Amino acid sequence: MEYRYKGQILFSQLNYNISRSSLNFLFYEAKRSETTGPDTSLCGCTIRKTYGLPCAWILSKKKKLNSPIRMDEVADHWKKLRFDDFDPPKENDSKITISDELEVIMEKFAKADDTMKMHIKEQLRKIAFPETTDLKPPSQPVKTKGAPKKSKITQEDTSTKRSPSYFEHVDASFPDSPTPKSKCSDYKGARISKPPRTPPIKKSPIVYIDEMPLFMHKYIYNIVDVGGDGNCGYRAVADLLGKGENNHTLVRRELIMELTSYRDIYDRLYENQEKFTKIHDSLVPSLTGIAPVSKWMSFPDMGHLIASEYVMVCVDLTRFGLSETFFPLHSRPPLDASSRIICIGYLRSRHFVQVFLKPGCPIPATSCQWTAHRSNEAETCPDPFVSRMAEFEEMMSQEREKNRERSKNIPILDLGSTDWFREF
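Since the structure is predicted, the reported quantities are computational estimates derived from the model, not experimental observations.

### Some words on the overall build of the protein chain
Broken down by element type, the protein chain carries 15 helices and five strands. Residues counted as buried form 35% of the 424 residues belonging to the protein chain. Counted over contacts in the protein chain with a minimum sequence separation of 6, partners at least 24 positions apart contribute 62%. Approximately 29300 Å² of the protein chain is accessible, and the part contributed by carbon and sulfur atoms is 55%.

### Digging into the pairing of strand β1 (residues 220–224)
For β1, the tally of buried residues reaches four of five residues, placing the bulk of the element in the interior. When β1 meets strand β5 (residues 352–357), the two strands line up antiparallel, connected through four bridges. What sits directly across from Val224, in β5, is Gln354.

### Overview of the packing of helix α10 (residues 248–261) against helix α11 (residues 263–270)
Helix packing for two helices is described by the angle between their axes and how far apart those axes are. Closest axis-to-axis distance for the α10/α11 pair is 5 Å, and the angle between their directions is 90 degrees. As summarised for this structure, α10 and α11 are arranged roughly perpendicular, according to the angle between their axes. When α10 is examined against α11, the residues Glu258, Leu259, Thr260 and Ser261 are found in contact with a partner set consisting of Arg263, Tyr266 and Tyr270. Here the contact of α10 with α11 is composed, by residue class, of three nonpolar, two polar and two charged.

### What about the environment of Thr325?
Along the chain, Thr325 turns up in strand β3 (residues 324–326). Spatially, the C-alpha atom of Thr325 lies 4.5 Å from that of Thr366, the residues being 41 residues apart in sequence. The contact partners of Thr325, leaving out residues within four places of it in the chain, are Val313, Cys314, Val315, Ile363, Pro364, Ala365, Thr366 and Ser367.

How each quantity is defined
Residues numbered from 1 in each chain as written. Predicted model: local features only at pLDDT ≥ 70, side-chain atom pairs only at ≥ 80, totals over all residues. Heavy atoms only, no water. Helix = DSSP H or I, 4+ residues; strand = E, 2+ residues; numbered from the N terminus. Buried < 20%, exposed > 50% of the residue type's maximum accessible area, 1.4 Å probe, protein only. Contact = heavy atoms within 4.5 Å. Areas by Shrake-Rupley, 256 points an atom, 1.4 Å probe, with all protein chains shown as cover. Pairing = 2+ DSSP bridges. Axes fitted to C-alpha atoms, helices over the stretch in contact; angles between N-to-C directions. Parallel < 35°, antiparallel > 145°, perpendicular 65-115°, else oblique. Nonpolar A, V, L, I, M, F, W, Y, C, P; charged D, E, K, R; others polar.

Right, dumping it as structure tokens:
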């Protein structure tokens, strides 16, 4: 290894792990970062797009933070290819051990950041305790028993005495004023009849519920918002799985593992290599924190990945598009499938939220892509939900019919004389 790479924190994790050519590229790109700085327009990001290596503006930030280039930021074709002299173990061989593997895992765990440590721990937990689950109860439990407490009624609420007028307030404030004081009428008689008050329209305390299908309102008991930094979809999934919304990068990494581990299934599902690569790149966490549009969650593509990776029933619920239910593509149905449902709500503002559904509620029909590409093991996944999906479709068709009848009475907009865009 050349002297110019030794002792530099920037290259500390890459020494002896990637090719010499890629190190040369990174060395000269790091020198170029001294002139470009963190400005992406000056950088151009050519080396990242063509070679799969961190470009100048990224290296500039790393040098400023005194942090190294990580191995996962380097494309796989630059990494070291090693063949071990390893003989496959024979049956009934008592000398099989995992001590070497555990030692390497412990070393990587000690050097990893918090996100990677959680990911390693999650994978080891699945091996060590397969009978357990990483799911947690909702962060905001809802009280389902007992009537809500009534607020105490004060004497002011039941009093029939009218409130003093503005002039009476003024007279009370300036008693020496020559202005004649207003006096209440001494005339006693029948009360002046008042027009009946129209009851105020009660709005649901659940935020964003108006952006869900109307017939589903009675089946939703809570909607929880998440951060809107372009990672909202992955934040919602992370929180629904009990990982906490700040671990959205962990969800992205786990979905990448699902995508690459079962590439043959997703190659057929996404039909061409270009779309597969686009989905893979959209899952890679953004280095800037705020995810660009190309890295936003999209359905139905992510629905299959979420359901398959976590062996869950994933529901995409919206009033402004197609609602669908996604089942695992390659796994057998879980024993208690009804308790393994997560629901993600999609809003008109292109924002995702967590939706908590009541037990036994209707759910949308399954995706047509799932039917075409699922494995034989996953064939019976929708069976416990057939009646619930049929109920959803029936209620959805009734709502569409009501919307059609309502739209007949809406006048046609005169686009030439009305600034109708302000309505949206």
